[in-house]
Each structure stands twice: as structure tokens, then as C-alpha cells.
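Each chain is listed here by its residues.
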Amino acid sequence: MKILPFAALAVTLLGPLQAHAACKLVTADVPVTMVGLRPLVAAKIDGKPIRLLLDSGAFGSSLTASYAATEKLRPMAAKAIGSLVPSSASTLTSGVKGHATDTGIVIASTFEFGGSVFPDVKFLTIRDIGDGVSGLLGQNLLRNSDNEYDLKNGLLRLVRPQDCETTELAYWAKDGMTYSVIPLESEGHRTGHTIAAITINGERMRAYFDTGADTSFITARAAARAGVKTTDAGVKPAGSSHAIDGDIKTWVATFASIKIGDEEIKNAKLSIGESVADFDVLVGADFFMAHHVYVANSQKKLYFTYAGGPVFRTAAPQAAAPQAAAPGDDKPKP
């Protein structure tokens with residue numbers, strides 16, 4: 001397997017790193033194209049160009065079943081215990097709806113990403129996800145490095161820190177610029193999720209940071225813990241939201257306080273989703289578009305700075321298309 005062509009990032013250009021001369025970041029930059037709130041990256045399967053959704057919430061990379069069939073990708077074979085007849089391998093996956101789905105596995109002879117070529121790469125197969133997207137780029141590739149998301153400027157940076165164990169890694173923060181640091185759950189590295197605790201209306205919530213979700217949402221049960229029920233007078237139905245494992249019913253409500261690290265958004269509109277997944281809040285691409293985010297897998301920390309715009313976006317009542325919040329809403333308060 002060829003190693004990604006990481007290049008040294010000059011320490012003299014870095015803010016918080018300057019106090020730690022030994023710390024160096026070795027990086028590989030990947031361009032990101034935003035289609036609405038969907039971050040897309042370019043890759044190649046068997047020499048043919050494809051577009052993949054950058055999905056930090058997916059534990060494994062995937063290709064759509066229709067793409068795998070069209071390109072005649074070979075299925076991974078599995079031999080059942082006690083049988084001499086091999087069959088196609090599969091695994092169980094689940095999405096935000098919480099439904100387990102039997103998912104096939106196919107093998108690409110070559111997979112090219114970030115300037116490197118990888119042989120015999122296994123992909124899960126999923127249903128079509130639209131926008132000419134052929135699949136998902138998931139944590140089986142992302143979690144091998146730190147991940148810097150600068151989606152507003154169209155960039156994913158894969159980072160390998162060297163001698164940076166005690167260094168604050170928000171290197172882009174200029175003098176006087178505030179940034180937040182929150183610890184990541186260690187379980188996330190095993191499950192392929194970026195997990196951290198946030199607070200909503202004073203209640204501690206378990207949050208997944210997921211670039212593959214257009215907009216953030218809180219589960220109905222977690223919203224109830226925060227004192228907001230879907231039956232409350234001020235909560236408005238907002239139709240259905242699409243997920244890998246099916247559609248979920250959604251509402252829009254106002255929450256008095258949402259705190260992520262040192263950042264607090266007051267009177268924020270946030271979607272509520274009818275999900276039974278094991279998180280309380282899904283922090284989606286809307287949050288990533290409003291922030292510069294560094295997921296330090298090497299330190300089990302998440303760094304971020306506010307980059308401007310609404311932190312959360314919601315669907316209009318009974319509409320599926322996301323729209324920006326009214327001016328002044330959903331922005332962090334100092």
C-alpha cells in the first residue's frame with residue numbers, strides 16, 4: 001500500500017505551535033467541493049473518476065449498489081461454516097434511524113485518493129444518495145490521521161502530528177482569536193465516530209460530529225430531557241429527513257442554550273429527529289461550514305473556531321430544503 005504524500009507544514013507559519021518548537025505537522029491536502037451542505041471529494045476506482053461524500057459519521061467507506069453493479073466490482077466471498085460453497089460476504093450496518101441493514105461488500109482493484117493508489121480496497125454497498133455521488137468516504141480512512149475541516153474554504157487536511165502530544169493544535173488561530181477545545185470519547189476511535197459531550201438547556205448530551213449529515217439535529221428523547229417535546233405548542237413539524245437506513249420524521253424547535261466547548265448559541269433553532277440511534281445530538285455539516293474544525297485523533301481532542309454564518313440550519317416547516325436562519329439567530333454569543 002502506498003503512503004499518502006504528506007508534506008511538512010512549516011512550524012514558523014503556525015500560531016499556537018510556535019511555543020512548541022519540537023511539534024511538526026505533516027499534512028496532505030484534499031480539495032472539497034460543497035454542493036449545498038454536502039462536502040464532496042474526488043477519487044478514482046480502477047482508474048475512473050468518482051465523487052464521494054466526505055462522511056465523518058460513517059465507520060467504513062461505501063459505494064452505491066448501483067455503481068458497484070455498473071462497474072462490475074467483484075463481491076467479497078465468504079465461506080459459511082460447514083460449507084464448501086462460498087457466498088457473498090455481508091455485514092450489518094445502521095444509520096441515524098437505528099435500523100440494522102444487511103450490507104454487501106465489494107472489492108475495488110485500485111482506489112486512488114489524495115494522490116495515492118491503494119490496491120484491493122473493500123467497500124460496503126449502500127443505496128443511492130443522489131447528486132451524482134458514488135459513495136461515502138468514511139472513518140476507515142479518516143481515523144488513521146488527524147482531520148482538519150475547513151469546509152468554508154473547500155479543504156480537508158489530513159494531518160500526522162510529530163512530537164505534538166502537549167501542543168494546542170488550533171494552529172490557524174491568530175493572536176487574540178479565541179478557540180474551543182473539547183475532549184473526545186475514547187470509544188469513538190473504536191466505533192469509527194467522532195464523539196464529544198455538549199450541553200443543551202443545561203443537560204449533558206452525547207454528540208456525534210458528522211459531516212455526512214447536511215443539518216444537525218437532536219433526537220426526540222434527548223430534546224424531551226432538555227425540556228422540549230415534539231407535542232409542545234411552539235414545536236413545528238418539518239416533514240422527513242433522508243438517512244442511509246431510511247427517512248426520519250422531523251420537527252423544528254427553539255432551544256434556550258446550546259453550548260459546544262466555550263461557544264454558546266442562545267435561542268437557537270434546531271431540528272428534532274425521530275431517531276433511536278445511540279447518540280443524543282448529530283452535529284452536521286451546517287456546524288462544520290460555520291467553523292474551522294480540527295479533529296485531533298492523536299490527542300483525543302476536538303479544536304474549533306467560529307468562521308461566520310449560522311451554526312445550525314433547519315428545514316422550513318413541512319419542507320425538506322434547508323435554509324439559513326434569520327439574521328442574528330443561531331450565531332455564537334461571546
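Look a little higher up for the structure.
This text gives an overview of the structure that appears in the document. (Residues numbered from 1 in each chain as written. Predicted model: local features only at pLDDT ≥ 70, side-chain atom pairs only at ≥ 80, totals over all residues. Heavy atoms only, no water.)

Remarks on the nonpolar core
For clarity, the threshold we go by: Think of a nonpolar core as a cluster: buried Ala, Val, Leu, Ile, Met, Phe, Trp, Tyr and Cys residues, connected wherever their side-chain atoms sit within 4.5 Å. Accessible area is worked out with a 1.4 Å probe on protein chains only. A residue is then buried under 20% of its type maximum, exposed over 50%, and partly exposed in between. The secondary structure listing takes helices from DSSP runs of H or I that are at least 4 residues long and strands from runs of E that are at least 2 residues long, numbered from the N terminus. The contact rule is simple, with two residues in contact once any of their heavy atoms fall within 4.5 Å.
Core analysis: the largest hydrophobic core is formed by 61 residues, its most contacted members being F111, I200, F209, I218 and F255. The element best represented in this core is strand β21 (residues 246–260), accounting for 5 residues. The residues touching F111, leaving out its near neighbours within four places in the chain, are A43, K44, I45, L52, S116, V117, F118, V121, F123, L137 and L141. Grouped together as the second largest cluster of nonpolar side chains are 11 residues, L25, L169, Y171 and A296 included.

Comments concerning the pattern of salt bridges
Selection criterion: In what follows, salt bridge is the name for a side-chain nitrogen of Lys or Arg lying within 4 Å of a carboxyl oxygen of Asp or Glu.
The full count for this structure, using the stated rule, is 8 salt bridges. Across the salt bridge formed by D278 and R206, the nearest N and O atoms sit 3.9 Å from each other. In this pair, D278 is assigned in the loop between β22 (263–273) and β23 (281–283) and R206 in strand β18 (residues 203–209), connecting sequence segments 72 residues apart. Judged by relative accessible area, which is 17%, R206 ranks as buried. Notably, a salt bridge pairs D280 with R225, separated by 3.2 Å at the nearest N-O pair.

What to know about the environment of T314
Tracing the sequence through the fold places T314 in strand β26 (residues 314–315). We classify T314 as buried; its relative accessible area is 11%. With 64 residues separating them along the chain, T314 and T250 place their C-alpha atoms 9.9 Å apart.

With respect to the pairing of strand β25 (residues 301–306)
To be explicit about the condition: When DSSP finds at least two bridges between two strands, those strands are taken to pair.
Relative to β25, strand β16 (residues 180–183) is paired through 4 bridges, and the arrangement is antiparallel. Opposite V181, over in β25, you have Y303 as the bridge partner. In terms of strand pairing, strand β24 (residues 291–296) meets β25 through 6 bridges, oriented antiparallel. Bridging from a neighbouring strand, A296 pairs with K301 of β25.

Note that all results are geometric; they support no functional claim without further evidence.
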